[in-house]
Amino acid sequence: MKIRLYKGDITELSADAIVNAANRDLSGGDGVDGAIHVAAGPRLLEACKKLNGCKTGEAKITKGYNLKAKYVIHAVGPMYYGEKDEPSLLASCYRNSLNIAKTYDLHSIVFPCISAGAYGYPLKEASVIAINTVVAWLRANLDYEISVTFCCFSDSSYDVYSELLSRYKRKSDSNT
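A quick note: this is a predicted structure, and the numbers were derived from the prediction, not measured. The numbering scheme is per chain: residues are counted from 1 as the chain's sequence reads. Two thresholds apply to this predicted model, a pLDDT of at least 70 for residue-level local features and 80 or more for giving and counting side-chain atom pairs, whereas whole-chain, interface and lining totals are computed over all residues. Excluding hydrogens and water, the side-chain figures rest on all heavy atoms present in the structure.

Chemist: What exactly am I supposed to notice about the overall build of the protein here?
Modeler: Along the backbone of the protein there are 5 helices and 6 strands. Along the first, second and third principal axes, the C-alpha set of the protein runs to 50 × 35 × 30 Å. By the burial criterion, 47% of the 176 residues in the protein qualify as buried. When the accessible surface of the protein is totalled, it reaches about 9,000 Å², and 50% of it is carbon and sulfur. Only four residue types enter the tally: Lys and Arg on the positive side, Asp and Glu on the negative side; His and the chain ends are excluded. Charge coordinates come from a single atom per side chain, which is NZ of Lys, CZ of Arg, CG of Asp or CD of Glu. Treating the 21 positive side-chain charges of the protein as one cloud and the 19 negative ones as another, the clouds have centres 4 Å apart. The way it works is that DSSP assigns letters per residue, a run of H or I at least four long becomes a helix, a run of E at least two long becomes a strand, and they are numbered from the N terminus. Partly exposed describes any residue whose relative accessible area lies between the buried limit of under 20% and the exposed limit of over 50%, with all areas from a 1.4 Å probe on protein chains only and scaled to the type maximum. Per-residue and other accessible areas were derived by the Shrake-Rupley procedure at a 1.4 Å probe size, with only the shown protein chains allowed to occlude residues.

Chemist: Help me understand the pattern of salt bridges in this model?
Modeler: Pairs can form between side chains of opposite charge whenever their charged atoms are close. One speaks of a salt bridge when a side-chain nitrogen belonging to Lys or Arg is within 4 Å of a carboxyl oxygen belonging to Asp or Glu. Scanning the model with the defined rule gives 6 salt bridges in all. Here Lys-2 makes a salt bridge to Glu-145, at a shortest N to O gap of 2.4 Å. Here Glu-145 lies in the loop between helix H4 (123–140) and strand E6 (147–152) and Lys-2 lies in strand E1 (residues 2–7), a separation of 143 residues in the sequence. Overall, Glu-145 belongs to the partly exposed group, its relative accessible area being 47%. Asp-16 is the salt-bridge partner of Lys-70, the closest N and O atoms lying 3.1 Å from each other. Placement of the pair is Lys-70 in the loop between strand E3 (59–63) and strand E4 (71–75) and Asp-16 in the loop between E1 and strand E2 (17–21), with a sequence separation of 54 residues.

Chemist: Explanation requested: the pairing of E2 in the structure shown.
Modeler: Each regular strand shows side chains that alternate between the opposite faces of the sheet. Counting buried positions along E2 gives 4 out of 5 residues, so the element sits mostly inside the fold. When DSSP locates at least two bridges between a pair of strands, those strands are taken to pair. Pairing of E2 with E4 involves 5 bridges; the strand directions are parallel. Within the sheet, the bridge partner assigned to Ile-18 lies in E4 and is Val-72. By the bridge criterion, 2 bridges tie E2 to strand E5 (residues 108–111) in an arrangement that is parallel. Bridge pairing links Ala-17 to Ile-109 in E5.

Chemist: I'm lost on the environment of Thr-62 in this one. Help?
Modeler: When you line up the elements, Thr-62 lands in strand E3. Here the alpha-carbon distance between Thr-62 and Lys-50, two residues 12 residues apart in the chain, equals 9.9 Å. Only heavy atoms matter for contacts: two residues are in contact if any of them lie within 4.5 Å across the pair. Ignoring sequence-local partners within four residues, the contact set of Thr-62 consists of Leu-44, Ala-47, Cys-48, Leu-51, Tyr-71, Val-72 and His-74.

Chemist: Help me out: how do you make sense of the nonpolar core in this one?
Modeler: The nonpolar side chains of a soluble globular protein tend to be buried, and buried together. The term nonpolar core refers to a set of buried residues drawn from Ala, Val, Leu, Ile, Met, Phe, Trp, Tyr and Cys, joined through side-chain atoms within 4.5 Å. Residues Ile-73, Tyr-94, Ile-109, Phe-111 and Phe-150 are the most contacted members of the largest nonpolar core, which totals 36 residues. Of all elements in the fold, only E2, E3, E4, helix H3 (86–103), E5, H4, E6 and helix H5 (155–174) reach the threshold of two or more residues within this core. Among the elements that line this core, the one with the most residues is H4, at 8 residues. Those residues in contact with Ile-109 that sit more than four places away from it in its chain are Ala-17, Val-19, Ile-73, Ser-97, Leu-98, Ala-101, Ile-146, Ser-147, Val-148 and Thr-149.

Laid out in structure tokens, this is it:
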């Protein structure tokens, strides 16, 4: 499985697709959403308006415009309130993004920490869901070649993902 970890600005990465932690209106906003809209330029917002929004847990695709990435997959994560459906909605963001990548024959995708910023999802819980969902999807789609990168903007998120991915690798190495 090709899973990587990167610390820095998601808008600077070259990939077939980057995932935007979008709001339901797909209108741009704060954090990674705003950064992607600024870097992609005004045509991204025009394209998003034509998509008529996106439900929580779902994802939609646009071109990348001025980004190094060819496409942007807009995934709407849940706001965190501690409700029982939030983990499945967050997992859906990752699964639906990967399904779109496969449908469009994209072979590299970069994920931010969906819902772990302004939406208030606890970082460690969100990253466990992200990693488990991506690994499960990759295992269920062994016939499809795709490279997945988790992009962390802060040192704290990078450290959490790094620790979890190290544990995951040690666990899978001991199972072989």
